[in-house]
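# Summary of the model geometry
Residues per chain are reported as follows:
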Amino acid sequence: MARRPQVLFPLFAEVTALPGVGPRLGKLVAKVAGPRVADLLWHLPTGLIDRRFAPKVAQAPSGRIATITVRVEAHLPPRAPRLPYKVRCADDTGILHLVFFHAREDYLRKVLPEGETLVVSGRVEGFGGEVQMVHPDHIAPLADLASLQTVEPVHRLTEGLTLKPLAKAVREALGRAADLDEWLDPEFLRRQGWRSWRAALAAAHAPTDESGLEPTDADRSRLAYDELLANQLALALVRAHQKRQPGRSLRGDGQLRERVAAALPYRLTGSQHRAIEEIAADMAEPSRMLRLLQGDVGSGKTVVALFAMLLAVEAGTQAALMAPTEILVRQHHAVLAPLADAAGLRIGLLTGRDKGKARDAVLAGFASGELAMAVGTHALFQEGVEFRDLGLAVIDEQHRFGVHQRLTLGAKGRDVHMLVMTATPIPRTLMLTAYGDMDVSRLTEKPAGRRPIATRALPLARLDEVVAAVRRAIGDGAKAYWVCPLVEESEVIDLAAADERKAQLETRFGERVGLVHGRMKGAEKDAVMAAFAEGAVDVLVATTVIEVGIDVPQATVMVVEHAERFGLAQLHQLRGRIGRGDAESTCLLLYAQPLGETARARLTILRETDDGFRIAEEDLRLRGAGELLGTRQSGLPAFRLADLAVHGELLAAARDDARLILDRDPELATPRGQALRTLLYLFERDAAVKLLRSG
Ligand code: ADP
Ligand code: MG
């Protein structure tokens, strides 16, 4: 069993193990940095205070931080209750008043005894001809002058947490970081001009000027590279492990696929054909497929999945398609069932909502093999779900699922081939961090007959005009989505806003308004969606539950309220719900004024292009990778030190490095390999270490 190296133990203790960090402070530190000592190492300074400037009083310019040596002359308690307490100090060039509001006299007399010579440090201000320092940051004996006259790092804080205790905790954490054996190639290290990990860490925490705060700083780059290398090495290990697993070659005679192709109401695009061929080639190999099918919203991934599933069935196995929401699963089932029917196949449907006899029948069908195909939610992973012989698992909108879930479904069968599909147009750099060198098929063409979507941005003040326009469109037989503001902190507020808007629209459109939101029961949602697709509802008011995958080709209008609150990728996903049929579509993005610069840039990009990949690249540029797609929900790794908008080249280098390392030392058995194991633990890639045979 692999174990975390002992040298890292002190770093993985709780922050409360540090001297001076009690439970109360510990909570605040955990909130701003993280719960463990190591998290403080990654909490790099975001600013600095330069206290090296040590002028005489007469030479201290107003507004600047200065460290000044003065003699305390007299305490001047306030003459009226709301006036400040002053302490007159001086050197041989002039008088400096220290100013305190809400001061406690006994305390001030203790730290500033009259007649004493002391060092004070803080911002100097000119006030009515006087030189002042309001609440000095430091008051210290003369002997401390040298240690005060330095550059102080400033860290990101949270409410209730002040800089001093946090800075002290960071120093303590650094004291616990041992010198670790070098895991980087010495030649590479030399070429980059980088120092050892420990030295780089110390230096990154002690910037001496602004350039030391930049992500491109040598020490920060070294730390970022370490993080990226841990990420890439872990992915490469997972991949190598997967490759070692025996797979099984699945080949079909093409009969089922031919029958379904004949039943399709359209012709497959060139990129759909290509993707299907790539998948078939992978499945024919005696190793396990792990392929990502990436295609913008509306590019037609579902039918590609169907062909892969048919191939698995032709080869005598079963296939399962998993999607993240009930609505999506039902939609997939509704689309796929008639097509499967053309091939004489039935598809079993399984969601958390299915209970009792119906569920038992489906489970029996999977177990006996009578149901060759399955479509379902997470319910497919549950215990008690058995397949006779699962050959292929397809996972739709994969970014909603974690790696763990991906693996669980794979474990439902023997050597299951995996196809994961995502509509998230992940930029190349991010792809690499989430999947490493995973095989990728991309759907680059849109199905024929798609019309571009006219996109307009309007201030919310013009809501009445928008309502009138929607009304006209509906009069002409259109259907419209109306997306309500997203307030991330509270679903309840989202809901209230959506409810209110629905009521308001009903006064204009009558009964033909529906509402769908995240808190609804599955059956209610389905009913509303069905009414929208089939006619009774013309305007569907929604929170972002319509974000993924919903396909109603008759919908040609999309209104998004408070578009400025949505991310670029999210707006693109939303807009992808329209423009699916052959009629002209319109997307109206309503924003509140004043519009910030980034929000304005986002809306402009959306008006200019509907190319998901370009949008994703712009999103990365505008927001930085950390925020992209809301990293937490996206399943993409969040980096503490690396900034993908800046460190793209380092990422590519780390990928090559990881590949080379595993070519030469697949078990990480050499001394450098051992050091790399420590690196993996340092960045909590423990799971990857456990995949090593000699772990
Ligand atoms: P996504 O990639 O977003 O999952 P879907 O698979 O839902 O896209 O497909 C979007 C729509 O395009 C569906 O209505 C589907 O029937 C249709 N479609 C898929 N492939 C083609 C094609 N080659 N030609 C025309 N329409 C297609
Ligand atoms: Mg889809």
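Residues numbered from 1 in each chain as written. Chains lettered and ligands numbered in written order. Predicted model: local features only at pLDDT ≥ 70, side-chain atom pairs only at ≥ 80, totals over all residues. Heavy atoms only, no water.

## Some remarks on the sheet that holds strand E18 (residues 513-516)
- Strand order in the open sheet formed by six strands is E16-E21-E20-E17-E19-E18, and the pairing between neighbours is parallel. Since the sheet does not close on itself, it has two edges, and those belong to strand E16 (453-459) and E18, each with one partner. In this sheet, adjacent strand axes meet at a mean angle of 20° when their direction is disregarded.
- Running at roughly 140° to E18, helix H18 (residues 522-534) makes contact with strand E17 (479-483), E18, strand E19 (539-542) and strand E20 (555-560) of the sheet. (Pairing = 2+ DSSP bridges. Helix = DSSP H or I, 4+ residues; strand = E, 2+ residues; numbered from the N terminus. Axes fitted to C-alpha atoms, helices over the stretch in contact; angles between N-to-C directions. Contact = heavy atoms within 4.5 Å.)

## Some thoughts on the nonpolar core
- Grouped together as the largest cluster of nonpolar side chains are 65 residues, with contacts concentrated most on Leu11, Leu40 and Trp197.
- With nine residues, helix H8 (residues 218-244) is the largest single contributor of residues to this core.
- If sequence neighbours within four positions are ignored, Leu11 has contacts with Arg36, Val37, Ala38, Leu41, Ala173, Arg176, Ala177, Trp197 and Leu682.
- With 43 residues, the next largest nonpolar core counts Ile279, Met289, Ala308 and Leu310 among its residues. (Core = buried A, V, L, I, M, F, W, Y, C linked by side-chain atoms within 4.5 Å. Buried < 20%, exposed > 50% of the residue type's maximum accessible area, 1.4 Å probe, protein only.)

## Side note on the site of ligand 1
- In the vicinity of ligand 1, 16 residues are found, and the nearest of them are Gly298, Lys301, Thr302, Arg450 and Asp551.
- Between ligand 1 and the protein, one listed contact pairs a nitrogen atom with a backbone N or O atom of Arg267 at 2.8 Å.
- Within the contact set of ligand 1, an oxygen atom lies 2.7 Å away from a side-chain nitrogen or oxygen of Lys301.
- For ligand 1, the accessible surface in isolation is 560 Å², of which the surrounding protein chains cover 86%.
- Counted by class, the shell around ligand 1 contains four nonpolar, six polar and six charged residues. (Near = heavy atom within 4 Å. Polar contact = N/O pair within 3.5 Å; in protein donor to acceptor, adjacent residues only side chain to side chain. Areas by Shrake-Rupley, 256 points an atom, 1.4 Å probe, with all protein chains shown as cover. Nonpolar A, V, L, I, M, F, W, Y, C, P; charged D, E, K, R; others polar.)

## A closer look at the environment of Phe509
- Relative to the assigned elements, Phe509 resides in helix H17 (residues 491-509).
- Once the C-alpha coordinates of Phe509 and Leu350 are considered, the two residues, 159 residues apart in sequence, prove to be 37 Å apart.

## Remarks on the environment of Leu392
- Residue position: Leu392 is located in strand E13 (residues 390-395).
- Judged by relative accessible area, which is 0%, Leu392 ranks as buried.

## Here's the deal with the side chain of Lys525
- Summarising the element assignment, Lys525 is placed in helix H18.
- Summary of buried charges: Lys525 has no salt-bridge partner, and the nearest side chain of opposite charge, Glu326, is 7.0 Å away.
- Those residues in contact with Lys525, other than ones at most four positions away along the chain, are Ile327, Val516, His517, Gly518 and Met520. (Lys, Arg positive; Asp, Glu negative; His and termini not counted. Salt bridge = Lys/Arg side-chain N within 4 Å of Asp/Glu carboxyl O.)

## Digging into the domain arrangement of the protein chain
- What the domain assignment reports for the protein chain is domain 1 (6-48 + 156-213), domain 2 (52-149), domain 3 (255-443) and domain 4 (453-609).
- Relative to domain 3, the C-alpha centre of domain 1 lies at a distance of 44 Å. (Domains from an automatic or database assignment.)

## What to know about the side chain of Asp538
- Considering the arrangement of structural elements, one finds Asp538 in the loop between H18 and E19.
- Here Arg512 takes part through its side chain, which lies 2.6 Å from a polar atom of the side chain of Asp538.
- Leaving out residues up to four positions away in the same chain, Asp538 has contacts with Ile474, Lys479, Ala480, Arg512 and Phe532.

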